[in-house]
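Inside the fold
Here is how the chains run, residue by residue.
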Amino acid sequence: MSRKYFGTDGVRGRVGEAPITPDFVMRLGFSAGRVLTARSGGQGGAKTGGRPEVLIGKDTRVSGYMLEAALEAGFSAAGVDVCLVGPMPTPAVAYLTRALRLRAGVVISASHNPYCDNGIKFFSAGGTKLDDAIEAEIEAGIDAPIACVPSSELGRARRIGDAAGRYIEFCKSTFPSEFDLHGLKIVVDCAHGAAYHVAPHVFHELGAEVSAIGAEPDGLNINREVGATSLAALSGAVLAGRMDLGIALDGDGDRLMMVDAGGQVYDGDQLLLAVVKSRLRRGPVAGVVGTLMTNLAFEHALAVLNVPFARAAVGDRYVLEKLLENGWLFGGENSGHIICLDRHTTGDGIVSALQVLTALREEGGTLRSLLAGLELYPQRLINVPLSKGFPWQDHPAIIAAKREVEAELAGTGRVLLRASGTEPLLRVMVEGRDAEMVAAAAEKLAKTVQRTEP
């Protein structure tokens, strides 16, 4: 599908620049409201009678106030009622939308990006990302003038005061009742993001001794030198406090990285393998979905376990699509999105951490011992700025350089070039057994792209 506004994870950009402006977001809300109303026949979610209702959550960016008001106005003009929950992790919005039988959920967040960016993403009534067909319908109506419904049909807004408590209880319910976290000392890094007021409570209420960092959002510090994309602070806190584990989330709470007592970092591939091993204790695992970025060592480790593996395009929505297509339950990305469909409908950093902790309780050891034997192949990822519309796929110099690197790897690694779905970047990734060769090859490819980019 050719997308004008929607990327791989909704609409995202710099605040104040198209499309992340108040007028655009109001039109986006209005168009989404019209589409959702038409598809529900005027009914809200699974409820009978009344107007459709949508849930709006956000992360801690200062721009969230402005965009929330614009979205609310757009939905109201379309005759859609709105439920507001304030700062709430993306997976919490997915859960609450489903639990409250609402028509859709909307998250105002730019995930791991800095505070100056923001975005809008949607969830269906079932708690999954909207499919391409519905996004296409919404896009088609964004640029049309707003035709407000009569005053008697305007949508209303209400605030759900116990949303955080509901989500905390849901997260705890995904951890086996026969286990607890007593005796574990855990540092939780909330990235100054949406999980700051829920994640520490989840682990504490399950029995852990919890120390929180990145839990003082001020609207401007989300993801700044903390969280799943910046792990030095977490490693330092674990070592300084002599803690057992560190858990890092990103700004909207759907990514997970972990750190062990020695400060060693574990990424999404490694943590997903820990979850799969845990599930294998209870029975067969039909298959696992990764992405084009998933480490080859992970694929090989699954082969040893006789677990089928498939790759999807980069983006958790594509992992989910492949899982549903294959009828499988487990998938993820090395960036920390982990999907366990036997626990939630979407990737959830807190729920994923609890599944890893379940594996540790079953094993009785450490992350290092649980994942012994998994040696990830060196990967080098370089982000190269990319002009909109630049035909990098067909450029002779880039094609030639890619073939040259693949010949050098001689079947011992992989090369991946892909345009980011959320930023104006070309991601250049090289993977192989030899770290020096991988680094040199990635630099060569990146420089080729830089020379050819206008």
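This write-up is about the structure you can find in this document. This structure is a prediction, so every number in the text was calculated from the model and none was measured. (Residues numbered from 1 in each chain as written. Predicted model: local features only at pLDDT ≥ 70, side-chain atom pairs only at ≥ 80, totals over all residues. Heavy atoms only, no water.)

1. Notes on the packing of aromatic side chains
Applying the stated rule across the entire model yields six aromatic pairs. Their ring planes at 45° and their centres at 6.2 Å tell us that Phe6 and Phe122 sit as a pair that is tilted. Remark: Phe122 occurs in strand S5 (residues 117–124) and Phe6 occurs in the segment before strand S1 (11–14); sequence separation between them is 116 residues. Summarising the burial analysis for this pair, Phe6 and Phe122 share the class buried. Judged by centre distance (4.2 Å) and plane angle (15°), the rings of Tyr95 and Phe170 are stacked. Taken together, the residues span a long stretch of sequence, with Tyr95 in helix H3 (residues 90–99) and Phe170 in helix H5 (residues 163–173) at a distance of 75 residues. In this structure Tyr95 comes out as buried when scored by relative accessible area, which is 16%. (Phe/Tyr/Trp six-rings, centres within 6.5 Å; stacked < 30°, edge-to-face > 60°. Helix = DSSP H or I, 4+ residues; strand = E, 2+ residues; numbered from the N terminus. Buried < 20%, exposed > 50% of the residue type's maximum accessible area, 1.4 Å probe, protein only.)

2. Quick look at the sheet that holds strand S8 (residues 209–213)
With respect to topology, five strands assemble into an open sheet ordered S8-S7-S9-S10-S11, the strand pairing being mixed. Pairing within the sheet leaves two strands with one partner each, and these edge strands are S8 and strand S11 (265–266). Contacting strand S10 (256–260) and S11, helix H8 (residues 268–280) crosses the sheet at an angle of about 85° to S10. Lying over the sheet, helix H11 (residues 349–363) contacts strand S7 (185–189), strand S9 (245–249) and S10, oriented at roughly 155° with respect to S9. (Pairing = 2+ DSSP bridges. Contact = heavy atoms within 4.5 Å. Axes fitted to C-alpha atoms, helices over the stretch in contact; angles between N-to-C directions.)

3. A closer look at unusual backbone geometry
Residue Pro19 follows Ala18 across a cis peptide bond; omega there is 5°. Following the sequence through the fold, Pro19 ends up in the loop between S1 and helix H1 (22–40). Phi angles above zero are rare outside glycine, and His192 is one such case at about 50°. Within the secondary structure layout, His192 lies in the loop between S7 and helix H6 (199–205). The class of His192 is buried, set by a relative accessible area of 13%. In this structure, Arg242 takes a positive phi of about 50° despite not being glycine. Take Arg242: it is sitting in the loop between helix H7 (232–241) and S9.

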